[in-house]
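Structure assessment
Okay, here's what each chain looks like letter by letter:
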Amino acid sequence: IRSPQTSTDNSRKPEIIGFQIVDNGIGFNEKNFNSFLTLDSEYKASKGCKGIGRLLWLKAFGSVSVNSDFIENGDSFHRYFVFTRDGVNQENLYASDTSIHKTVISLNNMLSEYSKAIPKSAGKIADKVIDHCFWYFLREGGAPHIVIEDGDDNANLNNIFEYSKSAEIKLDTFNIRGNEFEVTHIKLREGSPFKNSVLFGAANRLVLSENLESKIQGLYGDLAEEDGQLFSYVCFVSSSYLTEHVSAERLRFDISENLDSSVLSDVELSFEEIRNGVIESATAFLQNYLDENLQRTEDRIRDFVNTKEPRYRSIVKYLSPIDKAFNPNISDKELDLRLHKRLREVESDLISQGHELLNNTSLSSEEYNDRLNQYLQTSSDAKASDLASYIAKRRVIIDLLEKALERLDNGKYSREEVIHKLIMPMRETSDSLLHEEDANLWLIDERLAFHSFLASDKTLKSMPITSDDSTKEPDLCALNIYDNPLLVNEGTALPLAAITVVELKRPMRDNAKSGESDNPIEQALGYLERIREGNATNPQGRPIPAPNDIPGFCYIICDITPTIKKCCKNMGCLQESQDKMGYFGYHPNYKSYIEIISFNKLVQQAKERNRMFFQKLGIP
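Residues numbered from 1 in each chain as written. Predicted model: local features only at pLDDT ≥ 70, side-chain atom pairs only at ≥ 80, totals over all residues. Heavy atoms only, no water.

Some remarks on the overall build of the chain
- Looking only at helices and strands, one finds 15 helices and 21 strands in the chain.
- For the chain, with 620 residues in total, the buried portion stands at 44%.
- Across the chain, every contact between residues at least 6 apart in sequence was considered, and the portion connecting residues at least 24 apart equals 61%.
- Of the roughly 34200 Å² of accessible surface on the chain, a fraction of 49% belongs to carbon and sulfur atoms. (Helix = DSSP H or I, 4+ residues; strand = E, 2+ residues; numbered from the N terminus. Buried < 20%, exposed > 50% of the residue type's maximum accessible area, 1.4 Å probe, protein only. Contact = heavy atoms within 4.5 Å. Areas by Shrake-Rupley, 256 points an atom, 1.4 Å probe, with all protein chains shown as cover.)

Re the state of the cysteines
- For the structure on display, the rule yields zero disulfides.
- Among the cysteines around Cys477, which has no disulfide bond, Cys554 carries the closest sulfur, lying 9.5 Å off.
- On the basis of relative accessibility, which here comes to 1%, the residue Cys554 falls in the buried class. (Disulfide = S-S within 2.5 Å.)

As for the sheet that holds strand S5 (residues 102–110)
- Here we have five strands laid out as an open sheet, ordered S1-S5-S2-S3-S4, and antiparallel in their pairing. Edge positions in the open sheet fall to strand S1 (19–23) and strand S4 (87–95), since each of these has one partner strand only. Taken over all neighbouring pairs, the strand axes of this sheet differ in orientation by 10° on average, direction set aside.
- As judged from the five bridges shared by S1 and S5, these two strands associate in the antiparallel manner. Considered in S5, the bridge of Phe19 is made with Leu107. (Pairing = 2+ DSSP bridges. Axes fitted to C-alpha atoms, helices over the stretch in contact; angles between N-to-C directions.)

Quick notes on the packing of aromatic side chains
- Tallying each qualifying case throughout the model produces 15 aromatic pairs.
- When the ring of Phe36 is compared with that of Phe83, the centres are 5.2 Å apart and the planes differ by 75°; the resulting orientation is edge-to-face. Linking Phe36 in helix H1 (residues 30–37) with Phe83 in strand S3 (residues 75–84), this pair joins segments that are 47 residues apart in sequence.
- We classify Phe83 as buried; its relative accessible area is 6%.
- Both rings, one in Phe231 and one in Tyr289, keep their centres 5.1 Å apart while their planes meet at 80°; by these two values the pair is edge-to-face. On the criterion of sequence distance, the pair formed by Phe231 in strand S13 (residues 230–238) and Tyr289 in helix H8 (residues 271–307) is long-range, its members being 58 residues apart.
- Relative accessible area serves as the criterion here: at 3%, Phe231 is assigned to the buried category.
- Site record: aromatic cluster; members linked through ring pairs are Phe28, Phe33, Phe36, Trp57, Phe81 and Phe83.
- Here Arg54 stacks its cationic end above the ring of Phe36, 5.4 Å away from the centre of that ring.
- It is Arg79 that lies over the ring of Phe33; its NZ or CZ is 4.2 Å from the centre. (Phe/Tyr/Trp six-rings, centres within 6.5 Å; stacked < 30°, edge-to-face > 60°. Lys NZ or Arg CZ within 6 Å of the ring centre and 35° of its normal.)

Details of the packing of helix H13 (residues 520–533) against helix H14 (residues 562–571)
- Between H13 and H14, whose axes approach to 9 Å, the crossing angle comes to 55°. One element, H13, and the other, H14, form an angle in the oblique class. Residues Pro520, Ile521 and Leu525 of H13 lie in contact with H14, whose contacting residues are Ile564, Cys567, Cys568 and Met571.
- Across the contact of H13 with H14, the residue classes break down as seven nonpolar, no polar and no charged. (Parallel < 35°, antiparallel > 145°, perpendicular 65-115°, else oblique. Nonpolar A, V, L, I, M, F, W, Y, C, P; charged D, E, K, R; others polar.)

A look at the side chain of Thr297
- Counting through the fold element by element, Thr297 comes out in helix H8.
- Ignoring any residue separated from it by four or fewer positions in sequence, one finds Thr297 in contact with Tyr220, Lys324, Phe326 and Pro328.

Overview of the pattern of salt bridges
- Counted according to the given criterion, the structure contains 24 salt bridges.
- A salt bridge links Asp299 to Arg302; the nearest nitrogen and oxygen atoms lie 2.6 Å apart. Taken together, the positions of Asp299 and Arg302, both in helix H8 and three residues apart, correspond to about one turn of that helix.
- With a shortest N-O distance of 3.8 Å, Lys580 and Glu576 are connected by a salt bridge.
- By relative accessible area, Glu576 is classed as partly exposed at 32%.
- Taken together, the shared-partner salt bridges connect Arg2, Lys13 and Asp150 into one network. (Salt bridge = Lys/Arg side-chain N within 4 Å of Asp/Glu carboxyl O.)

Remarks on the pairing of strand S8 (residues 168–176)
- Where S8 meets strand S9 (residues 179–189), nine bridges bridge the pair, whose relative direction is antiparallel. In the sheet register, Lys170 faces S9, and the bridge partner there is His185.
- Hairpin connection between S8 and S9: a loop of two residues separates the two successive antiparallel strands, and Arg177 in this loop has a positive phi of roughly 45°.

Observations regarding unusual backbone geometry
- The phi dihedral of Asn73 is positive, around 55°, even though this residue is not glycine.
- Mapped onto the secondary structure, Asn73 falls in the loop between strand S2 (61–72) and S3.
- The backbone of Gln90 sits at a positive phi, close to 55°, despite the residue not being glycine.
- Within the secondary structure, Gln90 is located in strand S4.
- Accessibility expressed as a relative area gives 54% for Gln90, which makes it exposed.

A short note on helix H2 (residues 53–60)
- Regarding H2, the residues found buried are Arg54, Leu58 and Ala60. The buried residues of H2 all sit within an arc of 165° when viewed along its axis, so they share a single face.
- Elements in contact with the buried residues of H2: H1, S2, S3, S5 and helix H3 (112–115). (Arc of directions from axis to C-beta.)

Looking at the pairing of strand S21 (residues 592–597)
- For S21, a buried count of five out of six residues is recorded, marking the element as mostly surrounded by other parts of the structure.
- Summarising the sheet, strand S20 (residues 582–587) and S21 pair through six bridges and their orientation is antiparallel. By the bridge assignment, Tyr586 is partnered in S21 with Tyr593.
- Between S20 and the antiparallel strand that follows it, S21, lie four residues; Lys591 among them carries a positive phi value of about 50°.

What about the environment of Leu56?
- Note that Leu56 resides in helix H2.
- Since its relative accessible area comes to 34%, Leu56 is described here as partly exposed.

Looking at the side chain of Ser414
- Tracing the sequence through the fold places Ser414 in the loop between helix H10 (365–404) and helix H11 (416–423).
- Polar contacts involving the side chain of Ser414 include one to the main-chain carbonyl oxygen of Ala404, which spans 3.0 Å. (Polar contact = N/O pair within 3.5 Å; in protein donor to acceptor, adjacent residues only side chain to side chain.)

Some points on the confidence of the model for the chain
- Here the chain averages 81 in pLDDT, and 83% of its residues register 70 or above.
- Counting contacts from residues 483–495, a segment whose pLDDT is below 50, to residues more than four positions away or on other chains yields nine contacts. (pLDDT = per-residue confidence, 0-100.)

Remarks on H11
- Every buried residue of H11 is listed here: Ile419, His420, Leu422 and Ile423. In an axial view of H11, the angular spread of the buried residues amounts to 160°, which keeps them on one side of the axis.

So, the environment of Leu400
- For Leu400, the location among the structural elements is in helix H10.
- Overall, Leu400 belongs to the partly exposed group, its relative accessible area being 42%.
- With 22 residues separating them in the primary sequence, Leu400 and Leu422 have C-alpha atoms 8.0 Å apart.

Next comes the structure, spelled out in structure tokens:
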């Protein structure tokens, strides 16, 4: 029943405000009507009826009107009444001349909270009815003939469920502490909407459905017979125990999900126990069909670990059948999240095992050694995963750097900011960086990881290591202070400190010329000099003795263009590297080592330094 008000959107039908059910059953004769008037009637208990279904009508509808033509003792009658929260009223019974059984029940004035959630088409409503009455369609004798009408839009439920005619059914049972459960395994023709599910029923009615794909390894999608024909799997579970413990509204079971082992009884069962029994029965029934899918999942995990995320290699052995119960066609992201979750669980278990091992004084020497060996093995696997993750990330960073150096579709090259962010996030310091792993200073020099202070694209004025008030911003600037015992030093040796300045230029940029603003070598040396002259201090503000004598290291990362070559030659102290991919030298006046590194050499050196690690992990 739809609202008489036409929707403002012509493409949409008016809202559903009620339903009208017409059937040719026996009707509201005296016995049925008296049962209707009796709360908790047991008149049809044998059919699973609890005598409160009509009360649920009034949760969703304002009123219900009933018109029933029936025959009793050979005479024809018509009964009419209205059912509301106040009870049954307007009852009217009179003799009629009809010779057929026909009852019309009108569910009127649907409440808004239900109206918003209800499906909007006859087809979708038909699917919901089939879901609820699934077993009726599969049981012996089938379901009555049911048609849903919505103006010109009709849905014949029996035709929709036609695939059930080709269903293959097999019965099985399992027993839990004297309670028997019957499992009806059903293979439905390809295309069934009930794919790989378990349906828990009470009195032949569906109460609860659960997907089995996340619970049975190798169960996903359609399964294949030997002749290649595909089918969907579903099982229906019934038991007097389920019928006895179904809630009044038949939307759930009054059964605890888990039971405390200390209060385990022969009477009460947990839903987990029941579900595990179903899973065991379903796995046995489907075993021959799961093997190929099992292999696909194993291959998916192995390929992902070998080629993309080797950090998980050491914890693959800890994956349980449930961990492997997934469709191998999932995305890399989903698989990564699954494996990452398992890795965290292994690490969490490791911490727990460590505490138990340390605090358990009741173990014998042999038990202690066994537990210790198990703990050490798990610890070794977890730490191997961490190392593999770190090395795999380096491989990705190198790939990203190579990609960033390629010419763009517009014929230009990436700006230096792109390269900068790969090496170190911009406008950050070593104190503000959330994770140390976010910086990839190893691309330039592994020793840069050891620093007392590091700034990325920050003004000299803002750095706590100098009092210089310049607003110039080195791309990267690092200060490293080493422990230097006074007893050995006696205050006469140079402080064991070093200042590193890194300048990055846009790939293939060729406009360098003399002058600090245009010559990256002079820029780096200028930054170095300002830090020294600003009375270099440690990050806590304590002065460093003889700051002007602190050795400097200046790295200029750029392509070796003609103008860069000219700037290098003009320095006088730099010589070209043998591979022609950079320049290096020491500038005595600035007391600084200088190295100009081409982008190609930067990538090549990073690969060479990490190649053995990549090979050990099986990364190409």
